[in-house]
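# Secondary and tertiary structure notes
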Amino acid sequence: QLQLVESGGGLVQAGGSMRLSCAVSGFNSELPWNSWVIGWFRQTPGKEREGIACINNGDSSKYYENSVKGRFTISSDGARNMVYLQMNSVKPEDTAIYSCAAGILTSTLQFMCPVARYFGPKGRGTQVTVFP
């Protein structure tokens, strides 16, 4: 069973930058690192968790939700089993609980990433608050 732990959240001023990290452990020989898609999700009160960025560790392809495209960058380090979310030019509307989750690619990233139910193990999340 995979375990995911996020870190790096906190307070950031609008226009600033922040990097979130996701440490992934528990891989086995049947489903190694490059079998997985890792996604970053965010959730605000009263709303469902939404996928904003994903990376396919198998071929390094990426997906971004429109509101973060051009501002956020997802990357992974297979040697360290880490996935990162670099957030630049942040806005107050980026305020949310951010979490990472792992899933197995079943169709395309564009179809899979926005929908949390296509992912399995996830971390507890980290709060990101953007102030004006």
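So, here's what we can say about the structure. (Residues numbered from 1 in each chain as written. Predicted model: local features only at pLDDT ≥ 70, side-chain atom pairs only at ≥ 80, totals over all residues. Heavy atoms only, no water.)

### Side note on the packing of aromatic side chains
Enumeration according to the criterion identifies three aromatic pairs in this entry. For the cation-ring pair, Arg-19 lies above Tyr-84, with the distance from its terminal atom to the ring centre recorded as 4.2 Å. (Phe/Tyr/Trp six-rings, centres within 6.5 Å; stacked < 30°, edge-to-face > 60°. Lys NZ or Arg CZ within 6 Å of the ring centre and 35° of its normal.)

### Re the nonpolar core
Trp-40, Leu-85 and Tyr-98 are the most contacted members of the largest nonpolar core, which has 28 residues in total. Breaking this core down by element, the ones donating at least two residues are β3 (18-25), β4 (36-43), β5 (50-56), β7 (72-77), β8 (82-87), β9 (96-104) and β10 (126-131). When neighbours within four sequence positions are excluded, Tyr-98 is seen to be in contact with Glu-6, Leu-20, Trp-40, Phe-41, Arg-42, Ile-52, Phe-72, Leu-85, Met-87, Gly-125, Thr-126 and Val-128. Among the nonpolar cores identified, the runner-up in size contains 10 residues, and Val-37, Phe-41, Leu-109 and Cys-113 belong to it. (Core = buried A, V, L, I, M, F, W, Y, C linked by side-chain atoms within 4.5 Å. Buried < 20%, exposed > 50% of the residue type's maximum accessible area, 1.4 Å probe, protein only. Helix = DSSP H or I, 4+ residues; strand = E, 2+ residues; numbered from the N terminus. Contact = heavy atoms within 4.5 Å.)

### A few points about the sheet that holds β7
Taken in spatial order, the four strands make up an open sheet running β1-β3-β8-β7, and their pairing is antiparallel. Unpaired on one side and paired on the other, β1 (3-7) and β7 mark the two borders of the sheet. On average, each strand axis in the sheet is tilted by 15° relative to the strand beside it, whichever way the strands run. Pairing of β1 with β3, which is carried by five bridges, proceeds in the antiparallel orientation. Its bridge partner lying in β3, Leu-4 is registered against Val-24. (Pairing = 2+ DSSP bridges. Axes fitted to C-alpha atoms, helices over the stretch in contact; angles between N-to-C directions.)

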